[in-house]
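A closer look at the structure
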Amino acid sequence: MTVRIAIIGAGIMGADHARILAQDVPGAVLQVVCDASQDRARAVADACSAADVSTDPLATISRDDVDAVLIASPDDTHAPLARAAIAAGKPVLCEKPLSQSPEDCLSVIEAETAHGQRLVQLGFMRRFDPSYREMKDALLRGLIGKPIMMHNFHRNVEALPNFTGKMAITNSAPHEFDVARFILDTDYRAISVFQPSAINTAKAGAPVFMVLETDGGQLVNIEINNNAAYGYDVRGELVGESGSVEINTPVHTRVNSAMTASERYAPDWRPRFAEAYRLQNIAFVRFVQTGIFPDIASDAWDGYCATVVAAAGVKALESGQRILISHIGKPKLYA
Ligand code: ISE
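Here the structure is a predicted model, which is why all the values come from computation and not from measurement. (Residues numbered from 1 in each chain as written. Predicted model: local features only at pLDDT ≥ 70, side-chain atom pairs only at ≥ 80, totals over all residues. Heavy atoms only, no water.)

1. Re the overall build of the chain
Helices and strands together make up the secondary structure of the chain, namely 11 helices and 16 strands. Here the chain has a C-alpha radius of gyration of 20 Å; the compact-globule value for 335 residues is 20 Å, and the two agree. Taken along its principal axes, the extent of the C-alpha atoms in the chain is 55 × 55 × 45 Å. Taken across its 335 residues, the chain has 53% of its residues classed as buried. Residue pairs in contact within the chain that sit at least 24 positions apart in sequence constitute 71% of those at least 6 positions apart. When the accessible area of the chain is evaluated, it comes to approximately 15,100 Å², of which 52% is carbon and sulfur surface. Averaged over its 31 positive side-chain charges, the chain has a centre that lies 2 Å from the centre of its 39 negative ones. (Helix = DSSP H or I, 4+ residues; strand = E, 2+ residues; numbered from the N terminus. Rg over C-alpha atoms; globule rule 2.2 N^0.38 Å. Buried < 20%, exposed > 50% of the residue type's maximum accessible area, 1.4 Å probe, protein only. Contact = heavy atoms within 4.5 Å. Areas by Shrake-Rupley, 256 points an atom, 1.4 Å probe, with all protein chains shown as cover. Lys, Arg positive; Asp, Glu negative; His and termini not counted. Charge placed at Lys NZ, Arg CZ, Asp CG, Glu CD.)

What follows is the structure, given as structure tokens:
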């Protein structure tokens, strides 16, 4: 079955998803590109041979020639558009975060529960990244013993002018909240947040350092530094009682010259996680074709859990206190 997909949002991620679907995902057809700017929608549609463009997301979602929806519009539109897709009974791959408000995430969960079936696959693509997959696999095979700590570093080249410490927690860190929770198979019980005092406060994107305590008794630390200057760099190490697993950045070459060996960094997350996005989008199309939710993908419940942690993290940053994390019981649909 060919899956006709509408992409809502033709910005950085919408354009990237359009390219991936058009080039790398057998069985997917790019049916509509929808964006508030008709010109932007047209540019992406032309580059990826989409059949049509639109500026109306709700009308796009309900079209008869659209089987599934990919949401890559601004963060605050994710939950309302996901609810619209659920109301239309259409599977949706929604970029992270599901919402920055736990209540708004719950409204998506309620809509899905009323529908009786999971339709929302959330774009926490790191679960599909081969390095994190191997980390989880090594843990499950007992190669490192009982897990006790996980270290995470997440660095961007330069923060956008509006990027705040709060956004580091609500926009960047949810990737780590989700992937560490996925690898350790646990929820979190508390979060503490620190910022170095030796920072240039006039510059957007101040670094944030978080320590999370899990229900499984592990410590998870996360450095978010959106002004790392030298490249996009994501590192991680899972430490167990008898070993550890570090993730490696995939690089194809090392240049040896003038007594020096050098490797390139990606300028942003798209090349670093290209394989993860590709595998995630293939899994989504298979989900639409078979009705079987991909076993490793994040769902609306996972989106809610990440947002609950982010909300607690913001409180911890603002208050300087360790904040306890709690959420509602897991609805049956997500068990
Ligand atoms: C951005 O919003 C993303 O989602 C990227 O995956 C992440 O690496 C980046 O730090 C975020 O700001």
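2. Observations concerning the sheet that holds strand 5 (residues 92-94)
As summarised here, the arrangement of the 7 strands in space is 3-2-1-4-5-6-15, forming an open sheet in which the pairing is mixed. Of all strands in the sheet, those with a lone pairing partner are strand 3 (52-54) and strand 15 (298-299), marking the two edges. Pairing analysis gives 3 bridges linking strand 4 (residues 68-71) to strand 5, with the strands arranged parallel. Looking at strand 5, one finds that leucine 70 is bridged to leucine 93. (Pairing = 2+ DSSP bridges.)

3. Things to note about the nonpolar core
In summary, soluble globular proteins display a tendency toward joint burial of nonpolar side chains. Within the largest apolar cluster, 106 residues are counted, with the highest numbers of intra-cluster contacts made by Phe177, Ile191 and Met210. Tallying contributions element by element places helix 11 (residues 300-319) first for this core, with 11 residues. Counting only domains with at least three residues in this core, you end up with domain 1 (3-125 + 275-298) and domain 2 (127-268 + 306-324). Those residues in contact with phenylalanine 177 that lie beyond four places of it in its chain are Ile169, Tyr188, Ile191, Met210, Leu212, Ile222, Ala306, Val309 and Ala310. (Core = buried A, V, L, I, M, F, W, Y, C linked by side-chain atoms within 4.5 Å. Domains from an automatic or database assignment.)

4. Topic: the sheet that holds strand 12 (residues 243-246)
Strand order in the open sheet formed by 7 strands is 12-11-7-10-9-8-16, with mixed pairing between adjacent strands. Pairing within the sheet leaves two strands with one partner each, and these edge strands are strand 12 and strand 16 (323-324). Looking at chain direction, strand 7 (residues 147-155) and strand 11 (residues 233-240) are connected through 8 bridges and run antiparallel. If you follow asparagine 152 over to strand 11, its bridge partner there is glycine 236.

5. Looking at the site of the ligand
Around the ligand, the neighbouring residues are Lys96, His154, Asn156, Asn171, Ser172, His175, Tyr232 and Trp269. Within the contact set of the ligand, an oxygen atom lies 2.6 Å away from a side-chain nitrogen or oxygen of asparagine 156. Asparagine 171 places a side-chain nitrogen or oxygen 2.6 Å from an oxygen atom of the ligand. Expressed as a share of its isolated accessible area of 300 Å², the protein-covered part of the ligand is 89%. The residue inventory of the shell around the ligand, partitioned by class, reads 2 nonpolar, 5 polar and 1 charged. (Near = heavy atom within 4 Å. Polar contact = N/O pair within 3.5 Å; in protein donor to acceptor, adjacent residues only side chain to side chain. Nonpolar A, V, L, I, M, F, W, Y, C, P; charged D, E, K, R; others polar.)

6. Brief notes about the pairing of strand 2 (residues 28-34)
Buried residues dominate strand 2, accounting for 6 of its 7 residues. Looking at chain direction, strand 1 (residues 3-8) and strand 2 are connected through 6 bridges and run parallel. Note that in strand 2 the partner of isoleucine 5 across the bridge is leucine 30. Sheet analysis places strand 2 next to strand 3, joined by 3 bridges and oriented parallel. Directly across from valine 33, in strand 3, lies its bridge partner valine 53. As a crossover connection, the stretch from strand 2 through helix 2 (residues 38-47) into strand 3 is right-handed. (Right-handed = clockwise from strand over helix to strand, strands pointing away.)

7. Here's the deal with the domain arrangement of the chain
Once the domains are mapped, the chain shows domain 1 (3-125 + 275-298) and domain 2 (127-268 + 306-324). Here domain 1 packs against domain 2, burying approximately 1,500 Å² in sum over the two surfaces, 65% of which is carbon and sulfur. Counting the surface domain 1 buries against domain 2, the share from its top three residues, Lys96, Phe124 and Ile296, is 42%. At the boundary of domain 1 and domain 2, one finds 0 salt bridges. Across the domain 1-domain 2 interface, the total number found is 10 residue pairs in polar contact (both at pLDDT 80 or more). Secondary-structure elements contributing two or more residues to the side of domain 1 that touches domain 2 are helix 5 (102-115) and helix 10 (274-290). The greatest single-element share of the side of domain 1 that touches domain 2, amounting to 5 residues, is contributed by helix 10. Classifying every residue of the side of domain 1 that touches domain 2 by side-chain character gives 10 nonpolar, 6 polar and 3 charged. (Buried area = accessible area lost by both parts, 1.4 Å probe. Salt bridge = Lys/Arg side-chain N within 4 Å of Asp/Glu carboxyl O.)

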